[in-house]
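One letter stands for each residue in the lines below.
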Amino acid sequence: MNVQVIGIKGSLGFDEIIRHFTEMGGDVVLLDPSVVCGRDHIITAVMHAERAFENGTNRSKTLLTETILYAAGDRQIGRALEKMRPKEDSGEMVAVLFGIDDPKLDLIGMERCDGIIEASPEKAGNLGADMFDGISCEDAALEHVAMTDLLKQ
């Protein structure tokens, strides 16, 4: 599946952004950049979500929600949604695009800003990913995603 992870910023609201991408024929998950620890964090969450559906171990009904569960490292949908949903009026979001080649952000007055995706120790802490000596914040986020499979058992 064609999946892109991009940072976006601008003043358009959550629902309008979702509508834009669904009208393009794709799907999108919008995430709070303060809990996204790099592109690999989210791509890994998508891969785990796809595998959960293939193996029949998914906890949710859609790949989008399952991706959010894995990205959050949580097995409770409500908690995961609350943790990962972009903050109102922050103006910045991480967009996980499914089946969209060109996001056409100019049509909705948004701009691409991939710098907001970069990992930091603060973001790993916001995510709840434990940091150990010698492990990067990116690796901590990947371990956090992988631990979700253990929580589901």
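Report on the accompanying structure. All figures in this text were calculated on a predicted structure; none of them were measured in a lab.

## Let's talk about the sheet that holds strand S4 (residues 111–112)
Judged by pairing direction, the sheet is antiparallel, and its 4 strands sit side by side in the order S2-S3-S1-S4 without closing on themselves. For this open sheet the edge positions go to strand S2 (27–31) and S4, each flanked by a neighbour on one side alone. For strand S1 (residues 3–9) and strand S3 (residues 92–98), the ladder comprises 7 bridges, and the chain directions are antiparallel. For Gly7, the partnering residue across the bridge sits in S3 and is Val94. In the packing of helix H1 (residues 14–23) onto the sheet, the strands contacted are S1, S2 and S3, and the crossing angle to S2 comes to about 155 degrees.

## What about the side chain of Lys123?
Structurally, Lys123 can be placed in helix H5 (residues 121–127). Here Lys123 is buried and forms no salt bridge, its nearest opposite-charge partner Glu92 lying at an N-O distance of 7.6 Å. Separated by 3.4 Å, the side chain of Lys123 and the backbone oxygen of Val36 make a polar contact. What Lys123 contacts, discounting residues up to four positions off in sequence, is Pro33, Ser34, Val35, Val36, Cys37, Ile116, Ile117 and Glu118.

Conventions used here
- Residues numbered from 1 in each chain as written.
- Predicted model: local features only at pLDDT ≥ 70, side-chain atom pairs only at ≥ 80, totals over all residues.
- Heavy atoms only, no water.
- Pairing = 2+ DSSP bridges.
- Helix = DSSP H or I, 4+ residues; strand = E, 2+ residues; numbered from the N terminus.
- Contact = heavy atoms within 4.5 Å.
- Axes fitted to C-alpha atoms, helices over the stretch in contact; angles between N-to-C directions.
- Buried < 20%, exposed > 50% of the residue type's maximum accessible area, 1.4 Å probe, protein only.
- Lys, Arg positive; Asp, Glu negative; His and termini not counted.
- Salt bridge = Lys/Arg side-chain N within 4 Å of Asp/Glu carboxyl O.
- Polar contact = N/O pair within 3.5 Å; in protein donor to acceptor, adjacent residues only side chain to side chain.

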